[in-house]
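Structural characterization, general
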Amino acid sequence: MMAAFGLDLIPLRRLWDEAHCLRVHEAKEVEKALVNFEEHYPQLFLAVYLGVLPPTLNVNELAFLLLNRGMFWAEHHPRLNEHAIVLVLDPEARTAGLMVGYALEQRLPPRVLERILRRVRTPLWHAEYAPAIIDVVEAVARTVRKGARRALRRDVLPPAAPEEFLGGSASSGSEADQADQVSRGRLQP
Amino acid sequence: MRRFTSPAMVRILLGLAAVQVAGTRAASERPDGGLALPQWEESATGVLPSSGLWPDDFNPNLIIHPAMVSQGDAAVQAEDEEDSWLRFLPRSLFSNRKTPPAPEPALADISPEALRASENAPGDTRVLDPQGILGEAQTEDLTRLLFFHAENAGVEARFLVLDSGQQLPPATDLSRLASGEVARGSACLVVYPLGAPQRARLFLTRNVTQAAPAAYLESLAAACRRDAVETPDPVEQLQRFATQLSIRLFWLERAYPAVKPEPVLNVLPPSPETPEPSSVPVLSEVTVPGPPPSRDRFSLETFGREWLPYVGSGFAGLLVVAGVSIMFIRWRRRRHSQTVWLLPDYDHRHPVRFGGPHCGGCGATVKYG
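Bear in mind the structure is a predicted one, so any value in this text is a computation, not a measurement.

Topic: the overall build of chain A
Along chain A, the regular secondary structure elements total nine helices and seven strands. When burial is assessed residue by residue, chain A has 46% of its 189 residues classed as buried. Of all intrachain contacts in chain A linking residues separated by at least 6 positions in sequence, the fraction that spans at least 24 positions is 64%. As displayed, chain A has an accessible area near 10600 Å², and 52% of this comes from carbon and sulfur atoms.

Things to note about the interface of chain B and chain A
Facing the 33 residues of chain B at the interface are 54 residues of chain A. A combined buried area of about 4000 Å² lies between chain B and chain A, and 61% of that area is made up of carbon and sulfur atoms. Three residues, Trp341(B), Leu343(B) and Tyr368(B), lead the burial of chain B against chain A; their summed loss comes to 24% of the area buried on that side. Residues Arg353(B) and Glu105(A) are paired through a salt bridge, measuring 2.3 Å at the closest nitrogen-oxygen approach. Taken together, the connections running from chain B to chain A amount to 20 residue pairs in polar contact (both at pLDDT 80 or more). Looking at the side of chain B that touches chain A, the elements that each hand over two or more residues are helix 8 (300-337), strand 8 (339-342) and strand 9 (363-367) of chain B. Counting residues per element, the side of chain B that touches chain A draws most heavily on strand 9 of chain B, at five residues. Residues belonging to the side of chain B that touches chain A are distributed by class as follows: 15 nonpolar, 14 polar and four charged.

Focus on the sheet that holds strand 7 (residues 283-286) of chain B
Residues and elements named next belong to chain B. Sheet architecture is open: five strands sit in the order 2-3-5-6-7, paired in mixed fashion. The open sheet terminates on both sides in strands that have one partner only, identified here as strand 2 (127-128) and strand 7. Examined bridge by bridge, strand 3 (residues 156-162) and strand 5 (residues 187-193) share seven bridges and lie parallel to one another. Pairing of Val-161 across the sheet is with Tyr-192, part of strand 5. Contacting strand 6 (201-205) and strand 7, helix 6 (residues 214-228) crosses the sheet at an angle of about 140° to strand 6.

A look at the nonpolar core
Counting residues in each nonpolar core, the largest one holds 43 residues, and the members touching the most others are Phe37(A), Ile85(A), Leu108(A), Ile133(A) and Val140(A). Put simply, the parts of the chain that give this core at least two residues each are helix 2 (24-40), strand 3 (45-50), strand 5 (84-90), strand 6 (95-100), helix 4 (110-119) and helix 6 (129-145) of chain A together with strand 9 of chain B. Here this core gets eleven residues from one element, more than from any other, and that element is helix 6 of chain A. Excluding residues within four positions of it along the chain, Leu108(A) makes contact with Ile85(A), Val100(A), Leu113(A), Val140(A), Thr143(A), Val144(A) and Cys362(B).

Let's talk about the state of the cysteines
On inspection of all chains with the given rule, the structure shows zero disulfides over all chains. Free of any disulfide, Cys224(B) has its nearest cysteine sulfur in Cys188(B), 7.8 Å distant.

A closer look at empty space enclosed by the protein
Residues and elements named next belong to chain A. Inspection of the entire model under this criterion finds one cavity of 30 Å³ or more. When its volume is computed, the largest cavity comes out at roughly 40 Å³. The element best represented in the lining of the largest cavity is strand 3, accounting for three residues. Of the residues that constitute the lining of the largest cavity, the class distribution is eight nonpolar, no polar and two charged.

Quick word on helix 7 (residues 234-255) of chain B
All names here are of chain B. With 22 residues, helix 7 extends 31 Å between its outermost C-alpha atoms, agreeing within 8% with the 32 Å of an ideal straight helix rising 1.5 Å per residue. Among the residues making up helix 7, those that are buried are Gln-237, Leu-238, Phe-241, Ala-242, Gln-244, Leu-245, Ser-246, Leu-249, Leu-252 and Glu-253. Turning to helix 7, the residues buried within the fold contact helix 4 (136-152), strand 3, strand 5, strand 6, helix 5 (206-211) and helix 6.

Here we look at the packing of helix 2 of chain A against helix 6 of chain A
All names here are of chain A. Their axes nearest at 9 Å, the elements helix 2 and helix 6 cross at an angle of 5°. It follows that helix 2 is roughly parallel to helix 6 by the angle criterion. Packed against helix 2, whose contacting residues are Glu-26, Glu-29, Val-30, Ala-33, Leu-34 and Phe-37, the element helix 6 presents Ala-130, Ile-133, Ile-134, Val-137, Val-140 and Ala-141 at the interface. Looking at the contact of helix 2 with helix 6 residue by residue, the classes come out as ten nonpolar, no polar and two charged.

Let's talk about the sheet that holds strand 9 of chain B
Strand order in the open sheet formed by five strands is 2(A)-3(A)-5(A)-6(A)-9(B), with mixed pairing between adjacent strands. Both edges of this open sheet fall to strand 2 (15-17) of chain A together with strand 9 of chain B, since each of them pairs with a single strand only. On average, each strand axis in the sheet is inclined to that of its neighbour by 10°, with strand direction left out of account. Against the sheet, helix 2 of chain A touches strand 2, strand 3 and strand 5 of chain A, its axis set at about 155° to strand 3 of chain A.

Topic: the pairing of strand 5 of chain A
Side-chain direction in a regular strand flips from residue to residue, so the side chains alternate between the two faces of the sheet. All names here are of chain A. Burial analysis of strand 5 places seven of its seven residues in the buried class, which makes it a mostly covered element. Burial along strand 5 is two-sided: Ala-84, Val-86, Val-88 and Asp-90 facing one way and Ile-85, Leu-87 and Leu-89 facing the other are all buried. Summarising the sheet, strand 5 and strand 6 pair through six bridges and their orientation is antiparallel. The partner of Leu-87 across the bridge, within strand 6, is Leu-98. Linking strand 5 to strand 6, which pair antiparallel, is a turn of four residues; within it Arg-94 sits at a positive phi near 55°.

Calculation rules
Residues numbered from 1 in each chain as written. Chains lettered and ligands numbered in written order. Predicted model: local features only at pLDDT ≥ 70, side-chain atom pairs only at ≥ 80, totals over all residues. Heavy atoms only, no water. Helix = DSSP H or I, 4+ residues; strand = E, 2+ residues; numbered from the N terminus. Buried < 20%, exposed > 50% of the residue type's maximum accessible area, 1.4 Å probe, protein only. Contact = heavy atoms within 4.5 Å. Areas by Shrake-Rupley, 256 points an atom, 1.4 Å probe, with all protein chains shown as cover. Buried area = accessible area lost by both parts, 1.4 Å probe. Salt bridge = Lys/Arg side-chain N within 4 Å of Asp/Glu carboxyl O. Polar contact = N/O pair within 3.5 Å; in protein donor to acceptor, adjacent residues only side chain to side chain. Nonpolar A, V, L, I, M, F, W, Y, C, P; charged D, E, K, R; others polar. Pairing = 2+ DSSP bridges. Axes fitted to C-alpha atoms, helices over the stretch in contact; angles between N-to-C directions. Core = buried A, V, L, I, M, F, W, Y, C linked by side-chain atoms within 4.5 Å. Disulfide = S-S within 2.5 Å. 1 Å grid on protein atoms, 1.4 Å probe; cavity = no way out; pocket = protein on both sides within 12 Å on 5 of 7 lines; lining within 4 Å. Points joined across faces, edges and corners; volume = space filled by probe spheres on them. Expected span 1.5 Å × (residues − 1). Parallel < 35°, antiparallel > 145°, perpendicular 65-115°, else oblique.

These figures capture arrangement, not role.
So, in structure tokens, the structure goes:
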């Protein structure tokens, strides 16, 4: 099946609203939820696709394609596609599909994914896509958290912004830091 | 010529001339030539004929022509508006003036003659009305009720009826009423001012007051007063009071059987050596405690003194709880923002399914709508 789709990588964003189902502020809310998810789960990322699929393609196939051929944009560090989660919504066919990579199959088996999707059936039926997508993100986060290890961000990840490592600069650093810098010959007393 | 110049003829001619002159003068004085108007005399001014349209106390001198009124005239005083209306409308329409309440008349003691008559009344008299305040029919009704009560109850009831403005003298010996039968056995005497049930006084014999608690007797008296004041008619008040008293006395017997008089067995005449001890029970009054003093005005000082500690401690507790909650929420939010969740490292050992290097089709689909 992969051969049928070719070997080219498909560049994707976190949120791809091909069907234009979301308003601007709704898209911002969904984007914010996805960013928040990526910040708290540095190994994972979740992508959402909204579009009308051709008759020859269903949501499962598209999700399979995106996970195996998708080149997801990572802001700070690369993330494996095995740790990816894709949510595909077809507003015309009124179907939703949720698929995960190999690394998450044990934490998010098909029955758990089905239970997550069944919770958002009513909002999707009412065309409330943004709340439904956010609910899916939160449900996935809650499920994944159960077996995960809690850690502080600064112990695990590199600084995301210059302010994080410039907070103890030479002009405002402690005396111990300044003494260390002087001993190393980097600062003049 | 001789016939036309006779003296008679001359006199006739002169008379005719005089009449003609007078008529000519009168005609010159009438401007329109119609009937003559009466001539008003100066002394007749100010006397207006009574036509029935003027009020009885109308003073024509009060009528002042507007042209004669000057603004700076201190003598011209504006009439009170209401007084001006009073001259044309009945005074009963202006009775909305708040008259000061009449002071309550002082209570007068019942006359000694009436009291003596009550004392000399036969022993079986239930309604002592020496002054004839009640009518015959009302007295008969009340007597019938009290006789029926006496036949079936252990505690008898008697009424001493007073006028609404009368009271019992302070040092009255009630045990002598009705030839002393009032204080025999278990009895209840009600000194009832007709029309003032709130001032009715209940007296019970000692055996009753000792057998029943004071609170119960107070509630009995209060219930009788409460039932009586529900109607404005004085006679009906008395009837309701007596009915309620009868019911309550029955209940009293049932609740406290000791109030019943002990049966008299084998009454032996007292021996002359040992004088018979005076066992005449004394009548004691059942007083109803007055209502608690109502606080008509809210006193901030009192409220502050009583409730301020509780309010202050409650408010401080709320502040502490709110502060702790806010601090906890902030700490949790800060901790959550700095927390990441890490999954175990993936060893990449997985069977490739459907040719997918990263995903094997593990997912779910749902159809909505």
